[in-house]
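Summary of structural features
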Amino acid sequence: MPVVVIAMEQDQYDAWVKATLDKQNQAPDLSDQTRNSLMAHGESVYLKNCVACHQIDGKGIPGWFPALSGSAKVTGNMDQLIGFIQAGTSKMPAFRKLPDNELAELITYIRNAPALGNNVGDEIQPNKITPKWDDDE
């Protein structure tokens, strides 16, 4: 396969680096979202972070990764679910650095996605995510 090299002037490169860093340093949007927006964005967060282990249908991989479909942990107490996702387990990585807007979207999605077989009928807004983690931890 041929290697493609794209040349760029130093000022173009500097502008690209600045734009990339600015985007990375943007605070998450914590404004309220519609349920449809939470679900749509939540599906994207799920596909990016969770689908490899929990599978597209949320049934997991028996003996390896638990199902999200019908899971009491997923459909139960929301604050405990938030803490669990942020802390992780021995098999699941901690997602404490997931921005609050993405965490709210993900939680709303996994609790209510027909594709995962869950329908709790609730949602959480980004500004309601608790607990907050200290960046120094």
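Sequence order as written defines the numbering, with residues in each chain counted from 1. Confidence filtering applies because this is a predicted model: local features only for residues at pLDDT of at least 70, side-chain atom pairs given and counted only at 80 or more, and all residues used for totals across whole chains, interfaces and linings. Think of the side-chain values as coming from all heavy atoms in the structure, minus any hydrogens and water.

On to the overall build of the chain, then. Starting at the N terminus, helices and strands are each numbered in turn, a helix being any DSSP run of H or I of at least four residues and a strand any DSSP run of E of at least two. Counting secondary structure elements, the chain contains six helices and zero strands. Tracing the chain from N to C terminus, the helices and strands come up as α-α-α-α-α-α. Taken over C-alpha atoms, the radius of gyration comes to 18 Å for the chain, far larger than the 14 Å a tight globule of 137 residues would show. Taking the principal axes of its C-alpha atoms as reference, the chain extends roughly 55 × 40 × 35 Å. The quantity called the radius of gyration is restricted to C-alpha atoms. Its globule counterpart is 2.2 Å times the number of residues to the power 0.38.

The N-to-C vectors of helix H2 (residues 35–49) and helix H6 (residues 100–112) enclose an angle of 95°; their axes lie 7 Å apart at closest approach. Considering their axes alone, H2 and H6 lie roughly perpendicular with respect to each other. Of the residues in H6, those touching H2 at Arg-35, Leu-38, Met-39, His-41, Gly-42, Glu-43, Val-45, Tyr-46 and Lys-48 are Glu-102, Ala-104, Glu-105, Leu-106, Thr-108, Tyr-109, Ile-110 and Asn-112. Note on definitions: angles span 0 to 180 degrees between N-to-C directions of axes, and those axes are lines fitted to C-alpha atoms, for helices only across the stretch in contact. Any angle between 65 and 115 degrees counts as roughly perpendicular, while under 35 counts as roughly parallel, over 145 as roughly antiparallel, and the rest as oblique. Pairs of residues are marked as contacts when any of their non-hydrogen atoms sit within 4.5 Å.

Defined by distance alone, a disulfide is two cysteine sulfur atoms within 2.5 Å. In total, this model carries zero disulfides according to the counting rule given. Summary of cysteine pairing: Cys-53 is not part of a disulfide, and the nearest cysteine sulfur, belonging to Cys-50, is at 8.5 Å. Only protein chains enter the accessibility calculation, which uses a 1.4 Å probe; a residue is then buried when its area is under 20% of its type maximum, exposed when over 50%, and partly exposed in between. Exposure remark for Cys-53: the relative accessible area of 28% places this residue in the partly exposed category.

Attention now goes to the environment of Ala-94. Relative to the helices and strands, Ala-94 is located in the loop between helix H5 (78–87) and H6. Classification of Ala-94 as partly exposed rests on a relative accessible area of 43%. Sequence spacing of Ala-94 and Gly-70 is 24 residues, and the spatial spacing of their C-alpha atoms is 22 Å. Discounting residues that sit within four places of it in the chain, Ala-94 has contacts with Ile-85, Gln-86, Ala-87 and Gly-88.

On to a nonpolar patch on the surface, then. Taken together, the side chains of Met-8, Tyr-13 and Trp-16 make up a nonpolar region of the molecular surface, amounting to roughly 340 Å² of accessible area. Secondary-structure assignment places Trp-16 in helix H1 (residues 10–24). The patch calculation keeps residues exceeding 30% relative accessible area without a salt bridge and links them within 9 Å when they carry like charges or within 5 Å when they are nonpolar (Val, Leu, Ile, Met, Phe, Trp, Tyr). Here the Shrake-Rupley method, with its probe set to 1.4 Å, supplies the accessible areas, and only the displayed protein chains count as covering residues. Here a salt bridge means any side-chain nitrogen of Lys or Arg lying within 4 Å of a carboxyl oxygen belonging to Asp or Glu.

To continue, consider unusual backbone geometry. Peptide bonds are mostly trans, and most non-glycine residues show a negative phi. Positive phi values are uncommon outside glycine, yet Gln-55 reaches one of about 75°. The topology assignment puts Gln-55 in the loop between helix H3 (51–54) and helix H4 (72–75).

All told, the structure shown has three salt bridges when counted by the stated rule. With a closest N to O distance of 3.9 Å, Lys-48 and Glu-102 form a salt bridge. Taken together, the residues Lys-48 in helix H2 and Glu-102 in helix H6 connect sequence positions 54 residues apart.

Our next topic: the packing of aromatic side chains. Given two aromatic rings, one states the distance between the centres and the angle between the planes to describe the pair. Two rings from Phe, Tyr or Trp (for Trp, the six-membered ring) form a pair when their centres are within 6.5 Å of each other. A pair whose planes differ by under 30 degrees is stacked, one over 60 is edge-to-face, and the rest are tilted. Taken as a whole, this structure holds two aromatic pairs when the rule is applied. When the centroid spacing of 5.9 Å and the interplanar angle of 35° are considered together, the rings of Tyr-13 and Trp-16 count as tilted. With Tyr-13 and Trp-16 both in helix H1 and three residues apart, this pair spans about one turn of that helix. For Tyr-13, a relative accessible area of 39% puts it in the partly exposed group. Aromatic pair Tyr-46 and Tyr-109: ring centres 5.7 Å apart, planes at 45°, arrangement tilted. Of the two residues, Tyr-46 sits in helix H2 while Tyr-109 sits in helix H6, which places them 63 residues apart along the sequence. Two conditions define a charge located above a ring, namely a distance within 6 Å from the ring centre to NZ of Lys or CZ of Arg, and an angle within 35 degrees of the ring normal. Looking at Lys-73, its charged tip hangs above the ring of Phe-84, at a distance of 4.2 Å from the centre.

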